[in-house]
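# Overview (structure and organization)
So you can see what is in the structure, the chains are spelled out below.
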Amino acid sequence: DQQVKQNSPSLSVQEGRISILNCDYTNSMFDYFLWYKKYPAEGPTFLISISSIKDKNEDGRFTVFLNKSAKHLSLHIVPSQPGDSAVYFCAASVPRGSTLGRLYFGRGTQLTVWP
Amino acid sequence: DVKVTQSSRYLVKRTGEKVFLECVQDMDHENMFWYRQDPGLGLRLIYFSYDVKMKEKGDIPEGYSVSREKKERFSLILESASTNQTSMYLCASSSETVSAYNEQFFGPGTRLTVL
């Protein structure tokens, strides 16, 4: 059973507008959450993370929000640019030493930003 | 910068062949991972390793085996390739002593086609 879920397989947004990608999780032991971005024929690259003790982390155009009570996080991209078109994966980890470094990934959301 | 390299970007094999996918990382990471990515299914963990000669099954280990004889190298083996193993294979590495949130660094991927 998937512990990290991305229920929207795709999202289409106009350039300059906000993109909001959502992620839900079931395991309350997760203590860090990460977003990865993946272009076709390339490996995923780390984008931004958030600790479970925070509710927001910002890095330039990218902001991640965490709602622990709802077990929900979201990635906001403002403003969206055509180069942001990629698959975005949400991932979660449990405290160090307990799962040998494993991350739990969602199935990804394909973001398309059109001019 | 961490570098994870994979032996081939594209590979075509016949059903029943034994296939070796090699992965090398240059940052002395203790953890290494093999995933496959398929449309709509996201990143699925096949095997991972937290130390030389140590291995752990992921979520879909059937039909695969792994080898880690040196810390920097992690090999994925398909003992008898089948068409349903046609996929994008991604290798990753991480270190819990470096990243509190288990950030994984990915290679560029190997697109394997089994005919």
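My aim in this report is to walk through the structure given alongside it, one point at a time.

The rules behind each value
- Residues numbered from 1 in each chain as written.
- Chains lettered and ligands numbered in written order.
- Predicted model: local features only at pLDDT ≥ 70, side-chain atom pairs only at ≥ 80, totals over all residues.
- Heavy atoms only, no water.
- Helix = DSSP H or I, 4+ residues; strand = E, 2+ residues; numbered from the N terminus.
- Buried < 20%, exposed > 50% of the residue type's maximum accessible area, 1.4 Å probe, protein only.
- Areas by Shrake-Rupley, 256 points an atom, 1.4 Å probe, with all protein chains shown as cover.
- Rg over C-alpha atoms; globule rule 2.2 N^0.38 Å.
- Contact = heavy atoms within 4.5 Å.
- Lys, Arg positive; Asp, Glu negative; His and termini not counted.
- Charge placed at Lys NZ, Arg CZ, Asp CG, Glu CD.
- Phe/Tyr/Trp six-rings, centres within 6.5 Å; stacked < 30°, edge-to-face > 60°.
- Salt bridge = Lys/Arg side-chain N within 4 Å of Asp/Glu carboxyl O.
- Polar contact = N/O pair within 3.5 Å; in protein donor to acceptor, adjacent residues only side chain to side chain.
- Pairing = 2+ DSSP bridges.
- Axes fitted to C-alpha atoms, helices over the stretch in contact; angles between N-to-C directions.

### As for the overall build of chain A
Counting secondary structure elements, chain A contains 0 helices and 11 strands. Listing each helix as α and each strand as β along chain A from the N terminus yields β-β-β-β-β-β-β-β-β-β-β. Projected onto its principal axes, the C-alpha coordinates of chain A cover approximately 45 × 30 × 25 Å. Residues classed as buried in chain A amount to 47% of the 115 residues present. Accessible surface computed for chain A: about 5400 Å², of which carbon and sulfur atoms make up 50%.

### Comments concerning the overall build of chain B
Across its full length, chain B carries 0 helices and 11 strands. Going from the N terminus to the C terminus, chain B shows its helices and strands as β-β-β-β-β-β-β-β-β-β-β. Taking 13 Å as the expected radius of gyration for a compact globule of 115 residues, we find that chain B reaches 13 Å, a close match to that expectation. Dimensions of chain B, computed from C-alpha atoms along their principal axes, come out at roughly 40 × 30 × 25 Å. Taking all 115 residues of chain B together, the buried fraction comes to 50%. The contacts of chain B with a sequence gap of at least 6 include a subset with a gap of at least 24, amounting to 56%. Total accessible area computed for chain B in this model is approximately 5400 Å², and 50% of it derives from carbon and sulfur atoms. Across chain B, 15 positive and 16 negative side-chain charges occur, with their mean positions spaced 7 Å apart.

### A look at the packing of aromatic side chains
All names here are of chain A. Scanning the entire structure with this criterion turns up 14 aromatic pairs over all chains. Between the aromatic rings of Tyr 36 and Phe 46, the centroid separation amounts to 6.0 Å while the plane-to-plane angle is 75°, which identifies the pairing as edge-to-face. A residue pair is termed long-range when its members are at least 10 positions apart, and Tyr 36 in strand E4 (residues 32–38) and Phe 46 in strand E5 (residues 45–51) qualify at 10 residues.

### Some details on the interface of chain A and chain B
Each side of the interface is counted separately: chain A has 23 residues, and chain B has 28 residues. Across the contact surface, chain A and chain B share 1 salt bridge. Salt-bridge contacts for Arg 102 of chain A lead to Asp 59 of chain B; the nearest nitrogen and oxygen are separated by 2.5 Å. Counting across the interface, chain A meets chain B through 4 residue pairs in polar contact (both at pLDDT 80 or more). Those elements giving two or more residues to the side of chain A that touches chain B turn out to be E4, E5 and strand E9 (86–93) of chain A. At 4 residues, E4 of chain A tops the list of elements feeding residues into the side of chain A that touches chain B.

### Side note on the sheet that holds strand E7 (residues 64–70) of chain B
Residue and element names in this part refer to chain B. One open sheet accounts for 4 strands, arranged E1-E3-E8-E7; its pairing is antiparallel. Looking along the sheet, the strands with just one partner apiece sit at the ends: strand E1 (4–6) and E7. If you compare each strand with its neighbour and ignore which way they point, the axes differ by 20° on average. Looking at chain direction, E1 and strand E3 (residues 19–25) are connected through 3 bridges and run antiparallel. Bridge pairing in E3 places Val 4 opposite Gln 25.

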